[in-house]
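Chain by chain, the residues run as shown.
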Amino acid sequence: MTSLADRPPNAVVGRTVSHESADLHVTGAALYTDDLLARAPGVLHAWPVQAPHAHARLTALRTAPALGVDGVVTVLTAADVRGVNDGGIHHDEPLFPDEVCYAGQAVCWVLGESLEAARKGSDAVEVEYEPLPSILTLREAIDAGSFQGQQPTVSRGDAAAALERAPRRFTGELEIGGQEHFYLETHAALAQVDEAGQVFVQSSTQHPSETQEIVAHVLGLSSSEVTVQSLRMGGAFGGKEMQPHGLAAVAALGAVTTGRPVRLRLTRTQDMTMTGKRHPFHATWDVGFDDEGRLLALRATLTADGGWSLDLSQPVLGRALCHVDNAYFIPDVEVHGRIAKTNKTSQTAFRGFGGPQGMLVIEDILGRCAPALGIDPAALRRQNFYLPGQSTPYAQPVRHVERLHEIWQQLADRADVARRQAAVEAFNAGHEHVKRGLAVTPVKFGISFNLTAFNQAGALVHVYKDGSVLINHGGTEMGQGLHTKMRQVAATALGVPLETVRLAPTRTDKVPNTSATAASSGADLNGGAVKNACEQIRTRLAEVAARRLGVHPGDVRFGDGTVTGLGTETGLSFAEVVGTAYTDRVPLFAAGYYRTEGLHWDSTRMQGEPFKYFAYGAAATEVEVDGFTGAYRFLRTDIVHDVGDSLSPLVDRGQIEGGFVQGAGWLTLEELRWDLSDGPGRGRLATQAASTYKLPSFSEMPEELNVHLYERATEPGVVYGSKAVGEPPLMLAFSVREALRQAASAFGPPGHVVQLASPATPEAVYWAIEDARAAVQDQDRARSAPARAVAGTSGG
Ligand code: MTE
Ligand code: MOS
């Protein structure tokens, strides 16, 4: 048997193929969960009654008026729940609550013959509330001591002592905004019950097995009585990792209660007001450098805004703490984490899973300290990179870090950074009201679930008598191209043409106990399982072929649908060998399994080796900023990114481009605003639609975007030498934020330190520019009246 990373000659992995559903996507023929509605005769439609208060006690709930509305069939309330009235895994998310914990929370669901009937019925439901005091912002939560979950610390050495000794020391604070997933497909579920009581839920879920568990516990059934299918999702981005469960449970409860199929699909505004988002973070930091700008010590406290329930906040915080170092060696570290409990949607997984927030802290520190240290920001970053042999603060060796050093160099060459940096300076010298900035930032991102148990996967592969292949695996498709890669893996492992491999939708009755398709590990894990299943079948077929070819089974080769023996003239077709195997009564299907080797993690001490490997990348972005408005253009971005030996180069390129743009959206345009007033709207999300929530579109793409996949990058110990790609590229967008900072600083005096809000909206950039200009004026005044200015800039 070959190693996991070895590729046969003529492998189908590594070929440039388009997404397996690309034709269906662009013609509109691809079906999503809610499109299946037409196949469910007699289907009922669900509509929520949403609470208007951020925090309130329910004092009365009268559903009778709704039942009088034409077409309303029933109103689901806590009284209908036969199992546990909870939609989460921590039992802190009552499905039908008696205490409302955020504005927009559903208190009950109306089922109607039509969507319109259900909506009208929901208007007719009478609810009385007793409003309670609410906590909305991180600052309010910190002041009130409103926290939930564990408060872990990652540390190494003695940060306090090292800070005392540090020749250069800076402190600061940073607020990081959240992000709405804005997947094109909003949350959807379609539930049916068959004549034997088996519940079948189609759900837009990244985690069908967990959706199955929650549906079962709400209905009071065993897992074997519930099947969940995830056909494909129109984007998920982490937003469908835990949030679909309760919604699927409501649909299932409706189906069990009425005996009819029930469809639930959130409107955009319902989705935005009801479901969790990326965690906003608050960070305070204290950092020490030596005189040359080498990082010596960091002490920081990160507070994540978890919203009303725990959800995935603990693992998200854990990943944030494990990524505060990004690519930099910090000898003495002490980073504390805590999760605020606020009266907002339950913040959840979002591409990067806390990693981006953690990494932003150190990137913000370096971006702010570089001018104060008098060192070019890119040079400051480069000189603090990990060196081979060094370990992270949680004691994992930073394997292959030399790749990052090479990537940085390749990027400098490809993007022509030195020459363009000089051009930017010349441009800025010649323009008073428009300035440019060019920044380069690195990414180091750990791959694997921190929770070791999740790092396993299963697959089921069938070979039919005609030689055609059907694969099933535990991963879900959300547009990221996992199914495309899995077909390529199966075709490679069986040595058959790609066209002969079909893929069936992800279902819990095919592969059980699956992990969420998340942590970018979908291809690593499911690819390992698919390959394992195919190799079991191939080993059996090799014996069959060996007998026919008169060679040793070890000398049988599979490729392009032909089976040959070493030294034999003619081969057999794959279908012929399969046919013989069938008559010889050799099984033609197999269950595959994979577990990631070599992981261990102690979540109480926050020490161990939680990651199989690190994904590396770097980006250089040039921006132009308008001094009158703060508006900006992204002129050019160059990326060099490490995906190992790509399983599917076109898919990976798409992931890098998409991840980068999504990251740029988070860091620049996308701003969630809640009503923070004391009025009746307190706690309501003010940005409830695309009209008020600004997403990046084509016009916000860099005018020139060059993506290069780092070459000769075989990753040992991973399926066909590839590396995960789903999340890491999002953090390449730090280069955009740092370029904006540098452009803003060009409006100020040399060495001016720019503090930039996150997101760096045009408004935020405008204030940073104003600040820089004010510093020029201060300096001018200082020149004319030195004594006064010195007094006015104490501590500067
Ligand atoms: N790409 C698309 N098109 N749509 C998505 O929803 N989700 C991202 C990333 N890329 C996403 C995406 C997230 S959050 C993760 S964790 C990975 O894909 C999950 O898929 P993978 O493990 O197969 O990479
Ligand atoms: Mo991705 S945030 O791990 O679903």
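Residues numbered from 1 in each chain as written. Chains lettered and ligands numbered in written order. Predicted model: local features only at pLDDT ≥ 70, side-chain atom pairs only at ≥ 80, totals over all residues. Heavy atoms only, no water.

Identification of the protein chain as Xanthine dehydrogenase molybdopterin binding subunit from Georgenia alba is taken from an unreviewed UniProt entry.

### Notes on the overall build of the protein chain
Each helix and strand in the protein chain was counted, giving 20 helices and 29 strands. Here the protein chain has a C-alpha radius of gyration of 28 Å; the compact-globule value for 796 residues is 28 Å, and the two agree. When its C-alpha atoms are laid out on the principal axes, the protein chain stretches across 100 × 80 × 45 Å. For the protein chain, the residues scored as buried account for 60% of the 796 residues in total. (Helix = DSSP H or I, 4+ residues; strand = E, 2+ residues; numbered from the N terminus. Rg over C-alpha atoms; globule rule 2.2 N^0.38 Å. Buried < 20%, exposed > 50% of the residue type's maximum accessible area, 1.4 Å probe, protein only.)

### So, the sheet that holds strand β6 (residues 126–131)
The three strands are arranged β4-β2-β6 in an open sheet whose pairing can be described as antiparallel. Single-partner strands in this sheet number two, and they are β4 (99–100) and β6. Note: strand β2 (residues 56–62) against β6, six bridges, orientation antiparallel. Residue pairing across strands places Leu-58 opposite Tyr-129, the latter belonging to β6. (Pairing = 2+ DSSP bridges.)

### Some remarks on the side chain of His-641
By the secondary structure assignment, His-641 is in strand β28 (residues 632–641). We classify His-641 as buried; its relative accessible area is 0%. With sequence-adjacent residues up to four places away left out, His-641 is seen in contact with Tyr-616, Gly-617, Ile-656, His-708, Leu-709, Tyr-710, Pro-728, Pro-729 and Leu-732. (Contact = heavy atoms within 4.5 Å.)

### A closer look at the sheet that holds strand β9 (residues 188–193)
Pairing is mixed in the open sheet, where eight strands are placed in the order β3-β5-β1-β12-β9-β10-β11-β20. Strands at the two margins of the open sheet, each flanked by one partner only, are β3 (72–76) and β20 (506–507). Pairing geometry for β3 and strand β5 (residues 106–112), over four bridges, is antiparallel. Considered in β5, the bridge of Leu-76 is made with Trp-109. Each of β1 (44–50), β3, β5 and β12 (262–265) is contacted by helix α3 (residues 115–124), which is oriented at about 25° to β1, the strand it contacts most. (Axes fitted to C-alpha atoms, helices over the stretch in contact; angles between N-to-C directions.)

### Side note on the site of ligand 1
Taken together, the neighbourhood of ligand 1 is formed by 17 residues, with Ala-236, Phe-237, Met-478, Gly-522 and Gln-655 sitting nearest. For ligand 1, an oxygen atom lies 3.1 Å from a polar atom in the side chain of Gln-480. Ser-521 is positioned with one of its backbone polar atoms (N or O) 3.2 Å from an oxygen atom of ligand 1. Protein contact buries 92% of the 520 Å² of open area that ligand 1 shows by itself. The residue inventory of the shell around ligand 1, partitioned by class, reads six nonpolar, nine polar and two charged. (Near = heavy atom within 4 Å. Polar contact = N/O pair within 3.5 Å; in protein donor to acceptor, adjacent residues only side chain to side chain. Areas by Shrake-Rupley, 256 points an atom, 1.4 Å probe, with all protein chains shown as cover. Nonpolar A, V, L, I, M, F, W, Y, C, P; charged D, E, K, R; others polar.)

### Description of helix α18 (residues 734–745)
Over its 12 residues, α18 runs 16 Å from end to end, which matches the ideal 16 Å to within 8%, given 1.5 Å per residue. Counting buried residues along α18, 11 of its 12 residues qualify, which places the element largely inside the surrounding structure. Burial in α18 covers these residues: Phe-734, Ser-735, Val-736, Arg-737, Glu-738, Ala-739, Leu-740, Arg-741, Gln-742, Ala-743 and Ala-744. (Expected span 1.5 Å × (residues − 1).)

### Section: the pairing of strand β11 (residues 226–230)
Consecutive side chains of a regular strand alternate in pointing toward one face of the sheet and then the other. Burial analysis of β11 places five of its five residues in the buried class, the great majority of the element. Here β11 shows no split at all, with Val-226, Val-228 and Ser-230 on one side and Thr-227 and Gln-229 on the other all buried. Strand direction decides the pairing type here: strand β10 (residues 199–203) and β11, joined by four bridges, are parallel. Residue Val-201 lies in a different strand from β11, and its bridge partner there is Val-228. Crossover β10 to β11 through helix α6 (residues 208–219) is right-handed. Here β11 runs beside β20; their pairing, made up of two bridges, is antiparallel. In the sheet register, Ser-230 faces β20, and the bridge partner there is Thr-506. (Right-handed = clockwise from strand over helix to strand, strands pointing away.)

### As for α3
For α3, the full list of buried residues reads Ala-117, Ala-118, Gly-121 and Ser-122. Along the axis of α3, the buried positions cluster into a sector of 135°, meaning they face one direction only. Buried residues in α3 make contact with β1, α2 (64–67), β3 and β5. (Arc of directions from axis to C-beta.)

### Describing the UniProt feature "domain: Aldehyde oxidase/xanthine dehydrogenase a/b hammerhead" (unreviewed entry) in the protein chain
Feature annotation in UniProt assigns "domain: Aldehyde oxidase/xanthine dehydrogenase a/b hammerhead" (unreviewed entry) to the following positions: residues 27–133. Split by type, residues 27–133 is 14% helix and 32% strand. Its first and last C-alpha atoms lie 50 Å apart. (UniProt positions renumbered as here; feature names shortened; annotations may be inferred.)

### Observations regarding the packing of aromatic side chains
Taken as a whole, this structure holds 13 aromatic pairs when the rule is applied. Taking the centre distance of 6.1 Å and the plane angle of 40° together, the rings of Tyr-328 and Phe-385 count as tilted. Within this pair, whereas Tyr-328 is found in the loop between α9 (313–321) and β15 (332–340), its partner Phe-385 is found in the loop between α11 (377–383) and α12 (401–414), the two being separated by 57 residues in sequence. As far as burial versus exposure is concerned, Tyr-328 and Phe-385 are alike and both buried. The cationic tip of Lys-531 hangs over the ring face of Tyr-720; the distance from NZ or CZ to the ring centre is 5.1 Å. (Phe/Tyr/Trp six-rings, centres within 6.5 Å; stacked < 30°, edge-to-face > 60°. Lys NZ or Arg CZ within 6 Å of the ring centre and 35° of its normal.)

### Quick word on the pattern of salt bridges
On inspection of all chains with the given rule, the structure shows 52 salt bridges. The partner of Arg-507 in a salt bridge is Asp-509, and the shortest N-O contact between them spans 2.7 Å. Judged by its relative accessible area of 22%, Arg-507 is partly exposed. The partner of Glu-535 in a salt bridge is Lys-531, and the shortest N-O contact between them spans 2.9 Å. You can see Glu-535 and its partner Lys-531 sitting in helix α15 (residues 522–549), four residues apart, about one turn around the helix. Assessed through its relative accessible area of 8%, Glu-535 is described here as buried. Residue class for Lys-531 comes out buried when judged on its relative accessible area of 2%. Via salt bridges that share partners, Glu-363, Asp-364, Arg-368, Arg-381, Arg-737, Glu-738 and Arg-741 belong to a single interconnected network. (Salt bridge = Lys/Arg side-chain N within 4 Å of Asp/Glu carboxyl O.)

### Here we look at the packing of helix α17 (residues 649–669) against α18
α18 packs onto α17 with a crossing angle of 40° between their chain directions and a minimal axis gap of 8 Å. It follows from the interaxial angle that α17 and α18 lie oblique. The segment α17 lies against α18, with Phe-660, Ala-664, Trp-666, Leu-667 and Thr-668 engaging Phe-734, Ser-735, Val-736, Arg-737 and Leu-740. Partitioned by chemical class, the residues of the contact of α17 with α18 number seven nonpolar, two polar and one charged. (Parallel < 35°, antiparallel > 145°, perpendicular 65-115°, else oblique.)

### Topic: the environment of Gly-157
Structurally, Gly-157 is set in the loop between β7 (153–156) and α5 (159–165). Sequence-wise, Gly-157 and Gln-662 are 505 residues apart; in three dimensions their C-alpha atoms are separated by 36 Å.

### Some remarks on the environment of Gln-779
With respect to the helices and strands, the residue Gln-779 is situated in helix α19 (residues 762–784). For Gln-779, a relative accessible area of 32% gives the class partly exposed. C-alpha of Gln-779 to C-alpha of Val-154: the two residues are 625 residues apart in sequence and 41 Å apart in space.

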